[in-house]
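Residue-level structure breakdown
Now for the letters of each chain:
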Amino acid sequence: LAKHLSGYTFIDSDEQLEKTAARKISEIFENEGETYFRDLETEVLQKICKKSKQIVSTGGGIILRENNVRMMRENGIVFWLAAKPQTIYERIKDEAHRPLINTGEDKKQVMAKIETMLEQRFDLYNSSADVIINTEEIAVQDLVESIRDEYERLLQCKI
C-alpha cells in the first residue's frame, strides 16, 4: 500500500517495538508480561504518531487501550482488516512472535484462543475502525486497491 501512495512509508509497530526493546516480543511477554508489553506498545505508537505519511500495521491488541485508539484516530484513518478465525490461524500459524496464541498448543486449542480473542475484541475493533474490510478470499492487490480507494475517499471528506 505504501508503494501505491506517493511519499508514504510502511511501519510495522511490532517491528518498531522489538527494535526499541532490543528483544523479541515473545521474550518481553515471557520475562515482563503482557502489561509491560502493552506499555511499550503505547510508547512506540506515540513515537509513530509524531510522523506523517505512514502506513502503520499494528498488532491486534493495540486497541485494548483507549489512549491508543484515540492516538490512531487523531493521526490517521483506522482500518480493520477483518477475517474469520480459521483464516487468521492459517495466516499466523507459523509466526513465532505471537505469544498470546503461539504457545505450542495444538490447532484446536489455538483456534479456540483466536475465537475468544476475536469475541472479546470485536466491539473494540468495530468502534475503533473508520473502515472495515473483509479480507476473506480477496487477492492482496485487490485489498491494496480497496484500502487506497477508501483512504482517498475519506481524505476528501476531511478536507
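Residues numbered from 1 in each chain as written. Predicted model: local features only at pLDDT ≥ 70, side-chain atom pairs only at ≥ 80, totals over all residues. Heavy atoms only, no water.

Looking at the pairing of strand β3 (residues 79-82)
Of the two faces of β3, the one lined by Trp80 and Ala82 is fully buried and the one lined by Phe79 and Leu81 carries no buried residue. With four bridges connecting them, β3 and strand β4 (residues 131-134) associate as parallel partners. Of the residues in β4, the one forming a bridge with phenylalanine 79 is valine 131. (Buried < 20%, exposed > 50% of the residue type's maximum accessible area, 1.4 Å probe, protein only. Helix = DSSP H or I, 4+ residues; strand = E, 2+ residues; numbered from the N terminus. Pairing = 2+ DSSP bridges.)

What to know about unusual backbone geometry
The residue alanine 22 is not glycine, and still its phi comes out positive at about 55°. You can see alanine 22 is positioned in the loop between α1 (13-21) and α2 (25-31). Owing to a relative accessible area of 67%, alanine 22 belongs among the exposed residues under this scheme. One non-glycine residue, glutamate 137, lies in the positive phi region at around 50°. As for its position among the elements, glutamate 137 is in the loop between β4 and α7 (140-158).

Some thoughts on the side chain of glutamate 41
With respect to the helices and strands, glutamate 41 occurs in helix α3 (residues 34-48). The contact partners of glutamate 41, leaving out residues within four places of it in the chain, are Leu17, Gly61, Ile62 and Asn68. (Contact = heavy atoms within 4.5 Å.)

Describing helix α4 (residues 66-75)
Asn68, Val69, Met71 and Met72 are the residues of α4 that are buried. In an axial view of α4, the angular spread of the buried residues amounts to 160°, which keeps them on one side of the axis. Opposite the buried face of α4, at more than 90 degrees from it, the exposed residues are Glu66 and Glu74. Next to the buried residues of α4 lie α3 and α6 (107-128). (Arc of directions from axis to C-beta.)

Here's the deal with the packing of α3 against α4
Running from amino to carboxyl end, α3 crosses α4 at an angle of 15°, the nearest separation of the two axes being 10 Å. Taken together, the axis directions place α3 and α4 in an arrangement best described as roughly parallel. Crossing of α3 against α4: the hand is left-handed. Two secondary-structure elements touch here, α3 through Glu41, Thr42, Leu45 and Gln46 and α4 through Asn67, Asn68, Met71 and Met72. Each residue belonging to the contact of α3 with α4 can be placed in one class, and the counts come to three nonpolar, four polar and one charged. (Axes fitted to C-alpha atoms, helices over the stretch in contact; angles between N-to-C directions. Parallel < 35°, antiparallel > 145°, perpendicular 65-115°, else oblique. Left-handed = near helix turned anticlockwise from the far one by under 90°. Nonpolar A, V, L, I, M, F, W, Y, C, P; charged D, E, K, R; others polar.)

Take it as geometry only, folks, not as evidence of what the structure does.
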